[in-house]
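# Working through the structure, step by step
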Amino acid sequence: MCLRCYSENPGSIVQGNHMASHIDPLDLNIIISDRERRSGALSIENTQLGVMLLHARGYVVLKGAVPESLVTELYARFKTMYKDNVQRLHAEGHRTRFIGEGENGHSVFWEKNSRFRIFPKLRGPFANPLVVRNSFAESILAETLGADYYCKFVSSDTCAKGAITQAPHRDIDFYDEDTVRGCYVNIALMHCGLHNGPTEVWPGGSHLWRSDKFFKFNLRPFGEDNANPAMEAFVSHLPSKKLELQPGDLLIRDPGMWHRGTPNSTDEPRTMMTIGYFRKDYYYEYGDPFFSMDENIYKALDPTVQELFAPFFNKGDWRYWKLRKSQAIRHLKGRQYLSAPLRIGIRWLAG
C-alpha cells in the first residue's frame, strides 16, 4: 500500500509519486482511507508519513478525522458557550482580558483583542475520545512524544470580527536539543478558510530553529499580541502558508512552529478546538486541566482519556505539585490588592 495524500484542490488525490506539478506540496495532507476508518487507526505507512511531515514541515492535517455528526454536536454546544461568555464579558465591562467560570458551569474563558480562548467542561461531546484522544492522531503523537505523553488543556481558538493580525510567534520556548516537547491538535468545528481568520504558518523547520542567533540579534518570536516589527521584517523574507480546514479536519502541529492568527472579516466567529499534549518529562505552564474538569468529571471520562490527565490526580507525580504551585500563584496574582511582602512571596514562588 502506498502513502496517500490529499490536497484542498478538488479531485487532486495523490498516490505514491504520481504528483501533479501544479499542486502546492503544503496542500498535501493525509486522507483517511475506508480501511483505516474501519480499523479506527492509521496504517503504518500513513503513520510514518504523518510523523515525518510533522517533524520536517511542522504540521500535518488528517482529513475528516472527526465524524460529521460529532462535529455538528460540538459546534452546537460551543455556540451556546460562546454566547454565554460574550454576555458575561459585556456585563463585567472588561475590555481586554477576563477569566472566569459561567454561572451555568459551561466553561472558563478569556478574551483579548476579539480572540477568545474557551475551556469547555469535558462532558458530552467534548469528552468523546475522538476529540480528546483521537485514534487517528494517536500513533503520530505517540511516536513524536512517547507513548506516555499527557494532556495539559482542552480549549478553543476562536477569532471574532475585530481581531487584528498577530505578530509571528511560537507557543513554546526554543528547544535546546532535537527533542520536540509537545504537540497541539486543532479540530475544525466549522469551515476555517481563507475568508475568516486562517492560521498562517511558517513551515519547514521553524520549530527546530535554535535560539542563539535569534536572541543575539534581538529577534524574539514571543508576545503575539504586541507589535514586533523586527520579526515582521524577518519573516517577510520567508515563505508562509495560510491553512484551510474543513469541519472535522484534525491538524497536528508543533507548538514551536512559527505562526500567527489573522483577521476574521465575517460576522461569524471562526472556531476550532485546541488541545495541548506534551512529553512526560516536560511541564508546560500554559493552561490548566482543571479549567475543563473536576474530580467527578475526571472519574466519568473514558479510561483512555483519563490516562492523559492522570498525572494531575496523582500526588506521587511531580506534575501534580507543579500544577498546584501554578494554581496558587495564579490565585494570588488575581487578587486586586496585595501587600509588599505578599508580592515578594509570589515572585519567590514563581522563581
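It should be noted that the structure appears before, not after, this text.
Residues numbered from 1 in each chain as written. Predicted model: local features only at pLDDT ≥ 70, side-chain atom pairs only at ≥ 80, totals over all residues. Heavy atoms only, no water.

This brings us to the overall build of the protein chain. On a plain count of helices and strands, the protein chain comes out with eleven helices and 14 strands. For the protein chain, with 351 residues in total, the buried portion stands at 52%. Sequence separation of at least 24 residues holds for 79% of the intrachain contacts in the protein chain that already meet a minimum separation of 6. (Helix = DSSP H or I, 4+ residues; strand = E, 2+ residues; numbered from the N terminus. Buried < 20%, exposed > 50% of the residue type's maximum accessible area, 1.4 Å probe, protein only. Contact = heavy atoms within 4.5 Å.)

With that out of the way, let us pick up the sheet that holds strand S13 (residues 258–261). Two orientations exist for strands paired in a sheet by backbone hydrogen bonds: parallel and antiparallel. One open sheet accounts for three strands, arranged S11-S10-S13; its pairing is antiparallel. Two strands bound the open sheet, and with one partner strand each, they are strand S11 (241–243) and S13. Pairs of neighbouring strands in the sheet enclose a mean axial angle of 30 degrees, with direction left out of account. Bridge analysis of strand S10 (residues 199–202) against S13 gives four bridges, and the strand direction is antiparallel. Within the sheet, the bridge partner assigned to valine 201 lies in S13 and is histidine 259. (Pairing = 2+ DSSP bridges. Axes fitted to C-alpha atoms, helices over the stretch in contact; angles between N-to-C directions.)

Burial along strand S12 (residues 250–253) is two-sided: Leu250 and Ile252 and Leu251 and Arg253, pointing in opposite directions, are all buried. Pairing analysis gives four bridges linking strand S4 (residues 59–63) to S12, with the strands arranged antiparallel. What sits directly across from tyrosine 59, in S12, is arginine 253. Pairing of strand S9 (residues 182–188) with S12 involves four bridges; the strand directions are antiparallel. Among the inter-strand pairings, valine 185 is bridged to a residue of S12, identified as isoleucine 252.

Before going further, it helps to examine the environment of glutamate 224. Mapped onto the elements, glutamate 224 comes out in the loop between helix H6 (212–216) and helix H7 (229–235). For glutamate 224 and histidine 259, which are 35 residues apart along the polypeptide, the C-alpha to C-alpha distance reads 9.3 Å.

Enumeration according to the criterion identifies one cavity of 30 Å³ or more in this entry. Of the pockets and cavities examined, the largest cavity occupies roughly 40 Å³. Every residue lining the largest cavity is listed: Cys192, Pro198, Thr199, Leu243, Leu245, Leu251 and Met272. Counted by class, the lining of the largest cavity contains six nonpolar, one polar and no charged residues. (1 Å grid on protein atoms, 1.4 Å probe; cavity = no way out; pocket = protein on both sides within 12 Å on 5 of 7 lines; lining within 4 Å. Points joined across faces, edges and corners; volume = space filled by probe spheres on them. Nonpolar A, V, L, I, M, F, W, Y, C, P; charged D, E, K, R; others polar.)

Between helix H2 (residues 44–56) and helix H5 (residues 135–145), the shortest axis-to-axis distance is 9 Å and the interhelical angle comes to 50 degrees. Taken together, the axes of H2 and H5 lie oblique to each other. Viewed along their axes, H2 and H5 form a crossing whose handedness is right-handed. Facing Thr47, Gly50, Val51 and Leu54 of H2, the residues of H5 in contact are Ser139, Ile140, Glu143 and Thr144. (Parallel < 35°, antiparallel > 145°, perpendicular 65-115°, else oblique. Left-handed = near helix turned anticlockwise from the far one by under 90°.)

Turning to the side chain of glutamate 200, a few remarks are in order. Along the chain, the position of glutamate 200 falls in strand S10. At 2.6 Å, the side chain of glutamate 200 forms a polar contact with the side chain of serine 240. (Polar contact = N/O pair within 3.5 Å; in protein donor to acceptor, adjacent residues only side chain to side chain.)

It is worth spelling out the pattern of salt bridges at this point. Taken as a whole and judged by the stated rule, the model has 17 salt bridges. With a closest N to O distance of 3.0 Å, arginine 133 and glutamate 307 form a salt bridge. With arginine 133 in the loop between helix H4 (129–132) and H5 and glutamate 307 in helix H9 (residues 303–309), this residue pair connects regions lying 174 residues apart in the sequence. Between arginine 260 and glutamate 232 there is a salt bridge, with its nearest N and O atoms 2.9 Å apart. Note that arginine 260 is positioned in strand S13 and glutamate 232 in helix H7, a separation of 28 residues in sequence. (Salt bridge = Lys/Arg side-chain N within 4 Å of Asp/Glu carboxyl O.)

In this section: H2. Look at H2: 18 Å from first C-alpha to last across 13 residues, which is about the 18 Å you get at 1.5 Å a residue. Taken together, the buried positions of H2 are Asn46, Thr47, Leu49, Gly50, Val51, Leu53 and Leu54. One or two positions beyond H2, positive phi appears at glycine 58, with a value near 100 degrees. (Expected span 1.5 Å × (residues − 1).)

Using the criterion set out here, one finds 29 aromatic pairs in the structure. Each ring, one from tryptophan 110 and one from tyrosine 286, has its centre 5.8 Å from the other, and the planes form 90 degrees; the classification is edge-to-face. Highlighted residues: tryptophan 110 in strand S6 (residues 107–112) and tyrosine 286 in the loop between strand S14 (270–278) and helix H8 (295–300), separated in sequence by 176 residues. What makes tryptophan 110 buried here is its relative accessible area of 14%. Overall, the relative accessible area of 29% leaves tyrosine 286 in the partly exposed class. Consider the rings of tryptophan 209 and tryptophan 258, whose centres lie 5.2 Å apart with planes at 80 degrees: the pair is edge-to-face. Residue tryptophan 209 is found in the loop between S10 and H6, and its partner tryptophan 258 is found in strand S13; the two are separated by 49 residues along the sequence. We classify tryptophan 209 as partly exposed; its relative accessible area is 28%. A relative accessible area of 0% places tryptophan 258 in the buried class. A network of ring pairs unites the aromatic residues Trp110, Phe119, Tyr150, Phe153, Tyr184, Phe278, Tyr282, Tyr284, Tyr286, Phe291 and Phe312 as a single cluster. (Phe/Tyr/Trp six-rings, centres within 6.5 Å; stacked < 30°, edge-to-face > 60°.)

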